[in-house]
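Structural description and commentary
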Amino acid sequence: MLLAATGHVRAYLGTRKIQGDTLRYDFTHNTALVAGNVQVITANGVFAGTAYVLDLTLNTATLLKLAPIPATFSLRDDDIADAVEEPSAPNTFKVTDLGAELPYIVSTRADIIPNASVRLTPARFPVNAKLTIASPSYMYVFAPNPAFGVTPPTLPAASFDQPYGLIGTTHSLLAAHLRYSTTNGITTSLDEHLVDGTQRYFVASFEPQDRHVDIDGFEQLRAHLTQNFTGSLANDEKTARYVLQHTSKLITTTLTLSQFTTNIVSTSTPNASPTPANINGASYASDDLQINTVTRSLGHIASYKLRTDFGYDNISGQLPYEVDFRTTLGGSLYTPSIHGPLKTNLSGEYDFSSTHYDYPHQYATSTMLFTLARRINRTLSFYGNASFTQLYNRYGTQGFTNAQIINFLGLFPNPTQPVITPDGTPYPGYAAYNGITTQRTYLLTTTIAPSPNFNLLLSLTETCDFPQFHGFGRTPLTTSFDLRIRPMRTIAVEFGRSYIFGWDLQHLTPQYTLGIAP
Amino acid sequence: MTVSHTLLLVLALATPQPSPIPTPSSSVSGSLIVRGQLLTITSTYLLFTTGDAVHLGSDTRIAAMLHLGQPIRVRFDPISHHVHSVEAAFGKPMPGEIDAAQLPREYITVDAASLRLGAHNVTAQQARVVTVTFTAHVPDDTPATDDIYISTDRSNFSPAELKMNRIDVRRWNITLPLVEGTTLHYQYTRGNYATVERDASGGTVTPRILDVHEGERTEDTVARWADTS
């Protein structure tokens, strides 16, 4: 990434002022090259030359003079009095030819914060040789830290999000976002990033339209100990979550504390579990202590991972169980990828989890997944998988009076009030089925990628569930394509479309996605 | 620091790596022909980016619109050793051309104390786009239905910058056209910042660094994700 300047360039680099015909500044290496009629004005004096290369990190420079006779000099701290005439190091004046490159931004003034950002005032964005888009000012962030510049987790997902840097230093970035989402329309928001290496970061965002404030802080306390705090404050909802995690060679121990408060009155859903989504105007707390083993191998045969979780949910005002403790045991088994017939790669995994609540409720899942991959050649490849999930979701009523059971109905689906599906048929929901339900999913994907500039992905998904009610539940058939092309070297366009069909009132419903990436 | 006047900010470009250079050979029509990269031209001298200065003749023909870093073809007078003509150079070197790094010493005007180091100074060539293939091995507990993305400093680490192609259940790849000699910082995600890769102990990772060269292939292993333990 380079900044190139031409035509009577003036550069103020620290306490020095440099003039010349042309300049190149390398953001990554923090070096500058000035060529043609160079004049350097420093606290130690003024000197001139034909080319001047400055390493701003080491504060060393090389000056090439043609008069009185051509010679090169090495300088430290711009001290011409102590300059040493010596050969320049190889590639000292090496530059990249930018002749054929369409610049990303064109401007007349650049204010650079080393290793952080550059503000260009004004800024023009060339679309092609003739068309440019103008902006009074633009800040580009080039800090090599992923915590900068990303759309932070604190801002909700949007169909379009264009950040606009306002203030950037080596440790902070304040940015405005212009966003569009189908639910909120066009909105603006602010976010601030504070970053300290890879040890800690803090991100806060504010959306003025709905006075939504979100924060996310992370810190690595010690080599194997991290903490993370996230919070959200909106008109009707407040959430907070704290995670403390320790990782050893054998196990990962995670303590999670979360709190949710809402004033929103939600409608009835077929969900059985007492999740925040179906709590009306209540507060909800959930704390967990989770212990997982790291993935351990069983020779070359397989690998496994075990987990246990002890926690409770506290729902204010909910009777008779305001506090409901639960215990979860689970594990996963993974096979390695093995060579199968017809040059295929095969693998499988099995996952099991069972949660017992103090409240008479047990929820268990088991999933088997088989995958098959086959690469025909560089252009064509196939991937398919089949997954089988069984859900066991049972509410016990033994030992309770009818009055107590009626009270429980606020916490689990009421079979007398099922969801009414689009075609008017009542649907009790998966979770209301008192037994084991099954979800089967079959996926086949074909990737056609004849070149890095063209990538087409076709997929077909079939689901086969029990119970599966037509008009509600998972879509039996979905087909989609995802096309990624690169019309220019610096722009990739992704266009996707999917169809769901084969169930009752829905026939060939298209959904589009469009993305643009560098 | 502040820089003013016409500025072009060029992304994804840095100093290219040395490219193979032709072996010095005979001159054409008696004059020495040198291909190099322009640093600057004064009323008396032409400077290559090797740091070498050569004398311009009194009637040297210089093409218009030459710019810093431009590949140029320079013809020398075999007797005076002065520059006879300067023009922009495109495409592959002509037969008989030599690289500026191998310009004979008698053509170079420089003080003895400033004579360049050896002959291993190689002139930079025009930026070249090459393809690089990234392959990521993801952890066993990666959700099978999730897609893997590569996130680079080209987009300020947008977590869903480019979706990768699945090779099998735990391997993904993508091939990108990149400018040779540039440096790319990148990391892997599952599409959002809450699912970026982490190191084995759960700490944030410094982005991986790739120096782009022809035929480069990377094989990376993701230790774990931010949302898994």
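Source: prediction; values computed, not measured.

Describing the overall build of chain A
- When helices and strands are tallied, chain A shows one helix and 35 strands.
- Sorting the 518 residues of chain A into buried and exposed places 42% on the buried side.
- Within chain A, counting contacts between residues at least 6 apart in sequence, those at least 24 apart form 39% of the total.

Observations concerning unusual backbone geometry
All names here are of chain A.
- Here the bond from Ala67 into Pro68 is cis, since omega is 0°, no more than 30 degrees from zero.
- Among the secondary structure elements, Pro68 is positioned in the loop between strand E5 (60–65) and strand E6 (71–76).
- For the peptide bond that leads from Thr121 to Pro122, omega is -15°, which places it in the cis range.
- Among the secondary structure elements, Pro122 is positioned in the loop between strand E9 (117–120) and strand E10 (123–126).
- Its identity is not glycine, yet Asn59 carries a phi of approximately 60°, on the positive side.
- Along the chain, the position of Asn59 falls in the loop between strand E4 (45–55) and E5.

Here's the deal with the packing of aromatic side chains
- Under the definition given, this model contains 13 aromatic pairs over all chains.
- Each ring, one from Tyr201(A) and one from Phe218(A), has its centre 5.5 Å from the other, and the planes form 20°; the classification is stacked. Linking Tyr201(A) in strand E16 (residues 200–207) with Phe218(A) in strand E17 (residues 212–222), this pair joins segments that are 17 residues apart in sequence.
- Taking 5.3 Å as the distance between ring centres and 35° as the angle between the ring planes, the aromatic pair formed by Tyr312(A) and Phe325(A) counts as tilted. One end of the pair, Tyr312(A), is in strand E23 (residues 302–315); the other, Phe325(A), is in strand E24 (residues 323–334), with 13 residues separating them in the sequence.
- Judged by its relative accessible area of 33%, Phe325(A) falls in the partly exposed class.
- Three or more aromatic residues joined by ring pairs form one cluster here, namely Tyr104(A), Phe125(A), Tyr138(A) and Tyr140(A).
- Lying over the aromatic face of Tyr383(A), Arg166(B) brings its terminal NZ or CZ to 4.1 Å of the ring centre.
- A cation over a ring is seen here: Arg198(B) above Phe218(A), with NZ or CZ 4.4 Å from the ring centre.

A look at the sheet that holds strand E16 (residues 217–221) of chain B
All names here are of chain B.
- Overall, mixed pairing links the four strands, which are arranged E11-E12-E8-E16 in an open sheet. Single-partner strands in this sheet number two, and they are strand E11 (165–168) and E16. Averaged over all adjacent pairs, the angle separating strand axes in this sheet is 30°, with direction ignored.
- By the bridge criterion, nine bridges tie strand E8 (residues 129–137) to strand E12 (residues 171–179) in an arrangement that is antiparallel. Across the sheet, Ala136 pairs through a bridge with Trp172, a residue of E12.

Here we look at the sheet that holds strand E10 (residues 162–163) of chain B
- Read from one edge to the other, the open sheet built from four strands follows the order E10-E9-E13-E15 (chain B), with strand pairing classed as antiparallel. Among the strands making up the open sheet, the edge pair consists of E10 and strand E15 (208–211) of chain B.

Topic: the confidence of the model for chain A
Residues and elements named next belong to chain A.
- Mean pLDDT for chain A: 80, with 79% of residues reaching 70 or above.
- Across residues 266–279, where pLDDT falls below 50, the model places 29 contacts with residues more than four positions away in sequence or in other chains.
- In the model, residues 409–416 has pLDDT below 50 throughout and makes 15 contacts with residues more than four positions away in sequence or in other chains.

As for the pattern of salt bridges
- Tallied over the entire structure, the rule returns 23 salt bridges over all chains.
- Put simply, Arg35(B), Arg73(B), Arg75(B), Glu87(B) and Glu97(B) are held in one network by salt bridges that share partners.

Brief notes about the side chain of Thr445(A)
All names here are of chain A.
- You can see Thr445 is positioned in strand E31 (residues 436–451).
- On the basis of relative accessible area, Thr445 is assigned to the buried category, the value being 11%.
- The residues touching Thr445, leaving out its near neighbours within four places in the chain, are Ser381, Phe382, Tyr383, Leu457, Leu458 and Ser459.

Definitions and cut-offs
Residues numbered from 1 in each chain as written. Chains lettered and ligands numbered in written order. Predicted model: local features only at pLDDT ≥ 70, side-chain atom pairs only at ≥ 80, totals over all residues. Heavy atoms only, no water. Helix = DSSP H or I, 4+ residues; strand = E, 2+ residues; numbered from the N terminus. Buried < 20%, exposed > 50% of the residue type's maximum accessible area, 1.4 Å probe, protein only. Contact = heavy atoms within 4.5 Å. Phe/Tyr/Trp six-rings, centres within 6.5 Å; stacked < 30°, edge-to-face > 60°. Lys NZ or Arg CZ within 6 Å of the ring centre and 35° of its normal. Pairing = 2+ DSSP bridges. Axes fitted to C-alpha atoms, helices over the stretch in contact; angles between N-to-C directions. pLDDT = per-residue confidence, 0-100. Salt bridge = Lys/Arg side-chain N within 4 Å of Asp/Glu carboxyl O.

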